[in-house]
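Spelled out from the first residue to the last, the chains are:
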Amino acid sequence: MKARGRSVRLPLAAACVPLLLALLSPASTVAGPADVSTGPPVLVGSHTHSELAVAARAVDGDTWAIEAHVRDVSSGPVGGVTIEFSATIDFLGVRTLDIGSARTDTSGTATLTYLPTTNGVHHIVARAPFDDGVLASNEAVLEVTGVTQPLARPAQPLQAVGAWAGPVAALVVASVWGLLVLVLVRVVVGISRATVVARNPADRRFGVSTDIEG
Amino acid sequence: MNVEQAEPLQVPPREEPKRALSRRAVLQSVAALGAGASLGGLGAAPQLVALVKGLDRVAPATPRSGPAAGMNATRRWVMVIDLRRCDGCGKCTKACQATHYLEPDQTWLKVYKLKSSAGTEYFMPRLCMHCEDAPCLRVCPVGATFKNAGGVVLVDQDKCIGCRLCMSACPYEARYFNWIEPTKRPPLAVLPTPEFPAPQRKGTVGKCTFCVHSTSHGELPSCVESCPMEAIYIGDLDADVATNGPQTVRLSTFLRDNHATRYKEELNTGPRVYYIAGHGEDAER
Amino acid sequence: MSTPTAPVPSEALEAAAFRPMLRPGRWFWPLFGLLGATVLAAVGAFAYQYAEGLWVAGYSDQAFFGIYEANLVAFIGVSYGGAVVSAVLRLTHARWGAPLSRMAEAMAVVALIVGGAFAIVHLGRPERVWTIFTSPNFSSPIVWDFMAITTYLLATSLFLYLPLIPDLARARDRLARRGVRHRIYAALALRWHDLPDQRSRLSWAVTVLAILVIPLAVSVHSVLAYTFSMTTRPGWHSTIFGPYFVVGALYSGVGLVILVVAAFRRAYRLEAFIQPRHLLNLAWMMVALGLVYLYLTFSETLTAAYTATRDELPVIAALLEGPFAPAFWTFLVTGVLAPIALVALPSRRRVGVLVLAAALAVVGMWLKRLLITLPSATLPLIDEAAPWGSPVFTWVPILITLGATAAIPLGLMILFRFVPVIAIDECEQAGEEPTLTPAVRRAVPEGVAG
């Protein structure tokens, strides 16, 4: 795990453009949703001549705003600087994921909307690349504990037909079996009983047949 | 070409509800027809039975509200295969067979050498597509094939009766039968599980597991790890992240930017394996 | 067609029907031994396959369905023919069918049991087959198969048993007047004494069963077809498959009824009761069904071959002009066209010709089932240039198939040792001559053989 604050020495060529990176304290300014923890205190990178500050701020739902502020030595905003953001996350090991880039506006602020999709500690690294090197780099740490937005959708169990089909089908099959058994029972009982009745000489309902016994 | 479209920084929307609903709607009509026919002539009963429960073997979706520490409790695993990088070396197949103790002809991950319509040859690694609406799962008579919470289609070899209907239902030739008593066994005699079915069992069917025994411990599948070309990515639709080891990408953006396709999309099985075609590969056949 | 059977003195009929139950003919025991040995050998082959694994049957991942699945369809198919022939004859009051009904119904039961056995033989884990009933996945066509087949087995068994009751009573009263055999007949005959009430109940039950058996048989063969057509495999995924299988089953089933009737007519000397006319009537039924099957085959082939999509073309080309073409055209010429021609030609009056036609139809339809099963099961689905899977017909499935084939005549021979081969009572009822009323019959000296 990296140190929370880190300064990068400016290349000589960049020294003529002094930047001051100021620190905002965003997490406290916007109340995040209850299940999203606010980010840790913003970390500052400092240098003799320039500073890049990066901060994360919960905005809406699970979305975070990653803000990088570029200031010169006199705390004046520096616009037009492209800041590249990446996140170091835990995905089958420690992985570094590019999450986008943004340019600083006239107030020296570059804002990136970030939707964390994994729980755990996210190291957000902001880099101000310059020519071949890195002008400045700094990072913020989000601790995401309740990623719900992408996960909350109820998983649809794949189902061919509704639950009613089972009972209906069972009913149909059972009725076929029932009919078959009914046929059997009716014949067995009927044939057996008819003889019993016929054996009784008093009952002449089936008159023709009493004499066939034996 | 059927490309997954998604907004940047947004997780691709789940697709199965729409497809499952439409399939369900259609089948409900069919079932109603069957019910009518059956009640008219009771003999049609078994056809109706046809439409009974659908995929009742799908593992119940875990409710995923509330904070979960560390890794996500569940994943929706996918793989992405960059055909531009695959050189057909076959190391993935060997690694897979070594990991799962398979016979030489049991190529759970098979690298096909195909010819595009333009006449160029290319290689296409094929593993189990772990379809959202898996045909194999639907036809299994005893529910031996099921989906785990991460959407990975697994086979319970203690349940499988070896009817091979799943093999005929699979459009991807991804299932392999154990025609003989397996000759390879893990050195440690552990009981095979659906997640790590080693050794294989005679008379049952086996297939790619997306190496859930590895991913559940935060490790890469053996094919991803073994690919020298870094062509195979393992990803999670929910986390919207995929990695081939050295490189980690935002899954939705990666798929969109590279015009990823899924194999035999027209079959509506919703494969969980995406292919990135480069120069002339017929990713969709 | 509806000419009633010529009046046959009931004692002659009874004597002819009881004779095989009393004294088997000269050839009975040798034939019994031969068929029994074949069946035993098949059981041994199955035991060997169970111990060794399915590879001994010539299966492989590129040929995962083959001869057992074709047998399953073929044997259950002929069972269907027997039941439906009998049911249709009963429902249409075709009285000429009375001497044939017993053999048709018995054949339905025996062939169904033999065919159903292949549902177990083809499994990789036959010992787990019971789990289909304990933990069924109702969306699986195989579960539908098992539900349909068990229902149909119950129905055909009843369909055999109920019309048998009067004959069992007759056997109780006249054939075996004492001893174990008498007690068994007495128990099974349910105190049948030919009372009007008994007869009306029996007639009701048989009619209900005849009505039920037809849709049940349709359902059995439809779901068998669905086992194939519920996959996306080219050649199997076809809407025509349900009716296609049903008609094919009827066609081959009527063919087997002809063979069975002709065989027992000859072996049990029933020429006086079963005349060439009976066989010819059956043969006409077979021809009609054969024509429908021919049409369905044409329709299916044309539909697939005309569009010739990338999926369908390999299968249809393999059948029409590829490796399966010799078998396919053999089936078409000798299995469908030849039987139709043989029956239609003037030579049809000879029983031998009708038997030949029926035999060609039965064997041809078995070949056709193999032609349905094999191409789609061996077709490569991803690499079209790859070689097709090659099923190997080893001695194991060949022996098991021979054993199953032998099991049908063996089962019928055993059955007809205990029950009359001809439905004596039904023939009498169908005759309905006033001279054959029960009262007159009772005047006839009891028992044909003491």
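Note that the structure is a prediction, hence the values are computed from the model and not measured. (Residues numbered from 1 in each chain as written. Chains lettered and ligands numbered in written order. Predicted model: local features only at pLDDT ≥ 70, side-chain atom pairs only at ≥ 80, totals over all residues. Heavy atoms only, no water.)

A. Fine view of the overall build of chain B. Secondary structure summary: chain B contains eight helices and 12 strands in total. The buried share among the 285 residues of chain B stands at 63%. Carbon and sulfur atoms provide 58% of the accessible area of chain B, an area that totals close to 10200 Å². (Helix = DSSP H or I, 4+ residues; strand = E, 2+ residues; numbered from the N terminus. Buried < 20%, exposed > 50% of the residue type's maximum accessible area, 1.4 Å probe, protein only. Areas by Shrake-Rupley, 256 points an atom, 1.4 Å probe, with all protein chains shown as cover.)

B. Spatial organisation of the interface of chain C and chain B. Listed as interface residues are 51 residues of chain C and, on the opposing side, 54 residues of chain B. Here chain C and chain B share an interface that buries about 4200 Å² over both sides, 56% of which is from carbon and sulfur atoms. By the criterion of area lost to chain B, the three top residues of chain C are D61, R128 and I382 of chain C, representing 18% of everything that side buries. Where chain C meets chain B, there are one salt bridge. Across the pair E69 of chain C and R164 of chain B runs a salt bridge whose closest N-O atoms are separated by 3.0 Å. Within the residue set of the side of chain C that touches chain B, elements represented by two or more residues are α2 (28-52), α5 (131-134), α6 (141-161) and α9 (196-229) of chain C. (Contact = heavy atoms within 4.5 Å. Buried area = accessible area lost by both parts, 1.4 Å probe. Salt bridge = Lys/Arg side-chain N within 4 Å of Asp/Glu carboxyl O.)

C. Inspection of the nonpolar core at higher detail. I83 and F85 of chain A together with Y68 and L162 of chain C are the most contacted members of the largest nonpolar core, which totals 250 residues. Looking at which element gives the most residues to this core, the answer is helix α10 (residues 241-267) of chain C, with 16 residues. Residue contacts for Y68 of chain C: discarding those within four places in its chain leaves Q49, L54, A57, Y59, F118, V121, H122, V396, P397 and I400 of chain C. (Core = buried A, V, L, I, M, F, W, Y, C linked by side-chain atoms within 4.5 Å.)

D. Broad picture of the side chain of S101 of chain C. Residues and elements named next belong to chain C. Along the chain, S101 falls in helix α4 (residues 98-121). Relative accessible area serves as the criterion here: at 4%, S101 is assigned to the buried category. In contact with S101, not counting residues within four places along its chain, are S86, R90, A423 and E426.

E. A look at a nonpolar patch on the surface. Residues and elements named next belong to chain C. On the surface, Y295, F298, L302 and Y306 cluster together into a nonpolar patch covering about 530 Å² of accessible area. Following the sequence through the fold, L302 ends up in helix α11 (residues 276-307). By relative accessible area, L302 is classed as partly exposed at 44%. (Patch = residues over 30% accessible without salt bridge, like charges linked within 9 Å, V, L, I, M, F, W, Y side chains within 5 Å.)

F. Broad picture of the pattern of salt bridges. Residues and elements named next belong to chain C. All told, the structure shown has 24 salt bridges over all chains when counted by the stated rule. R170 is the partner of E428 in a salt bridge, and the nearest nitrogen-oxygen pair spans 3.0 Å. Of the two residues, E428 sits in helix α16 (residues 424-431) while R170 sits in helix α7 (residues 165-175), which places them 258 residues apart along the sequence. Shared partners join several salt bridges into a network, and the residues in it are E14, R170, R174 and E428.

G. Examining the packing of helix α12 (residues 312-320) of chain C against helix α13 (residues 325-344) of chain C more closely. Residue and element names in this part refer to chain C. It is at 6 Å that the axes of α12 and α13 come closest, and there the two elements cross at 65°. By the angle class used here, α12 and α13 are roughly perpendicular. Facing α12, whose interface residues are A318, L319 and L320, α13 presents A325, F328 and W329. Looking at the contact of α12 with α13 residue by residue, the class counts come to six nonpolar, no polar and no charged. (Axes fitted to C-alpha atoms, helices over the stretch in contact; angles between N-to-C directions. Parallel < 35°, antiparallel > 145°, perpendicular 65-115°, else oblique. Nonpolar A, V, L, I, M, F, W, Y, C, P; charged D, E, K, R; others polar.)

H. Structural view of the layout of surface pockets. Residues and elements named next belong to chain C. Looking at the second largest pocket, its volume works out to about 1000 Å³. If you trace the second largest pocket, you find 33 residues lining it, with L259, V260, A263, F264 and P409 closest to the centre. The set of elements that each furnish at least two residues to the lining of the second largest pocket consists of α1 (10-22), α2, α3 (67-91), α10, α14 (351-378) and α15 (395-418). In terms of residue class, the lining of the second largest pocket is made up of 24 nonpolar, four polar and five charged. (1 Å grid on protein atoms, 1.4 Å probe; cavity = no way out; pocket = protein on both sides within 12 Å on 5 of 7 lines; lining within 4 Å. Points joined across faces, edges and corners; volume = space filled by probe spheres on them.)

I. Examining the pairing of strand β3 (residues 121-126) of chain B more closely. All names here are of chain B. The pairing of strand β2 (residues 110-115) with β3 spans six bridges and is antiparallel. Residue pairing in the sheet places K115 in a bridge with E121 of β3. Connecting β2 to the next strand, β3, in antiparallel fashion are five residues, including G119 with a positive phi near 95°. (Pairing = 2+ DSSP bridges.)

J. Expanded view of the pairing of strand β8 (residues 232-236) of chain B. Residues and elements named next belong to chain B. The buried fraction of β8 is high, at five of five residues. Of the two faces of β8, the one carrying I232, I234 and D236 and the one carrying Y233 and G235 are both buried. Here three bridges tie β8 to strand β9 (residues 241-243), and the two strands are oriented antiparallel to one another. Paired with G235 across the two strands is A242, which belongs to β9.

K. Here's a closer look at the confidence of the model for chain B. Residues and elements named next belong to chain B. With 72% of its residues at a pLDDT of at least 70, chain B reaches an overall mean of 78. Every residue in residues 1-21 scores below 50 in pLDDT, and together they form 66 contacts with partners more than four places removed in sequence or on other chains. Segment residues 37-72 is flagged for pLDDT under 50; beyond a separation of four residues in sequence, or across chains, it makes 100 contacts in the model. (pLDDT = per-residue confidence, 0-100.)

L. View of the packing of aromatic side chains. All told, the structure shown has 30 aromatic pairs over all chains when counted by the stated rule. Where F65 of chain C meets W236 of chain C, the ring centres are 6.0 Å apart and the plane angle is 35°; that geometry is what we call tilted. Taken together, the residues F65 of chain C in the loop between α2 and α3 and W236 of chain C in the loop between α9 and α10 connect sequence positions 171 residues apart. On the accessibility criterion, F65 of chain C (3% relative accessible area) is buried. Residue classification places W236 of chain C among the buried residues on the basis of a relative accessible area of 0%. Their ring planes at 85° and their centres at 6.3 Å tell us that W144 of chain C and Y226 of chain C sit as a pair that is edge-to-face. On the criterion of sequence distance, the pair formed by W144 of chain C in helix α6 and Y226 of chain C in helix α9 is long-range, its members being 82 residues apart. In this structure W144 of chain C comes out as buried when scored by relative accessible area, which is 4%. Counting every residue linked through ring pairs, the aromatic cluster contains F64, F65, F228, W236, F241, Y244, F245, Y251, Y293, F328, W329 and F331 of chain C. Positioned above the aromatic ring of F177 of chain B is the side chain of R164 of chain B, whose terminal nitrogen or guanidinium carbon lies 5.5 Å from the ring centre. (Phe/Tyr/Trp six-rings, centres within 6.5 Å; stacked < 30°, edge-to-face > 60°. Lys NZ or Arg CZ within 6 Å of the ring centre and 35° of its normal.)

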